[in-house]
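Chain residues, written in single-letter form:
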Amino acid sequence: MGRGKPDARPGGKGLPPSQRPSKVCPVCGRPFAWRKKWKAVWEQVTYCSDRCRQQR
Ligand SMILES: [Zn+2]
C-alpha cells in the first residue's frame, strides 16, 4: 500500500476514444467502435452499418 501511482479508473463520464465501447459486426466480422449517433441506442446496435443490417 501507499504507492504514489495514479490509478486509471474505468467507467464514469467522458471516456477517451481509446476506451469507448466497441462491438463486432456479425455480418462483416469487423469490430466497430461507439459512435456519437449511437449514443442513445448503443445497446441495440448490432451491425456496423445499415448495409450490414440489410445483408443479414
Ligand atoms: Zn458490418
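To be clear, the structure that these remarks concern was listed above.
The shown structure was predicted, so the numbers you read here are calculated from the model rather than taken from an experiment.

(A) Structural detail: the overall build of the protein. Scanning the protein for helices and strands turns up one helix and two strands. When its helices and strands are written in sequence order, the protein yields β-β-α.

(B) Molecular detail of the environment of Val-45. Mapped onto the fold, Val-45 is located in the loop between strand 2 (31-33) and helix 1 (50-55). Sequence separation between Val-45 and Trp-34 is eleven residues, and the spatial gap between their C-alpha atoms is 9.4 Å. In contact with Val-45, not counting residues within four places along its chain, are Lys-23 and Trp-38.

Thresholds applied
Residues numbered from 1 in each chain as written. Predicted model: local features only at pLDDT ≥ 70, side-chain atom pairs only at ≥ 80, totals over all residues. Helix = DSSP H or I, 4+ residues; strand = E, 2+ residues; numbered from the N terminus. Contact = placed C-beta atoms within 7 Å.

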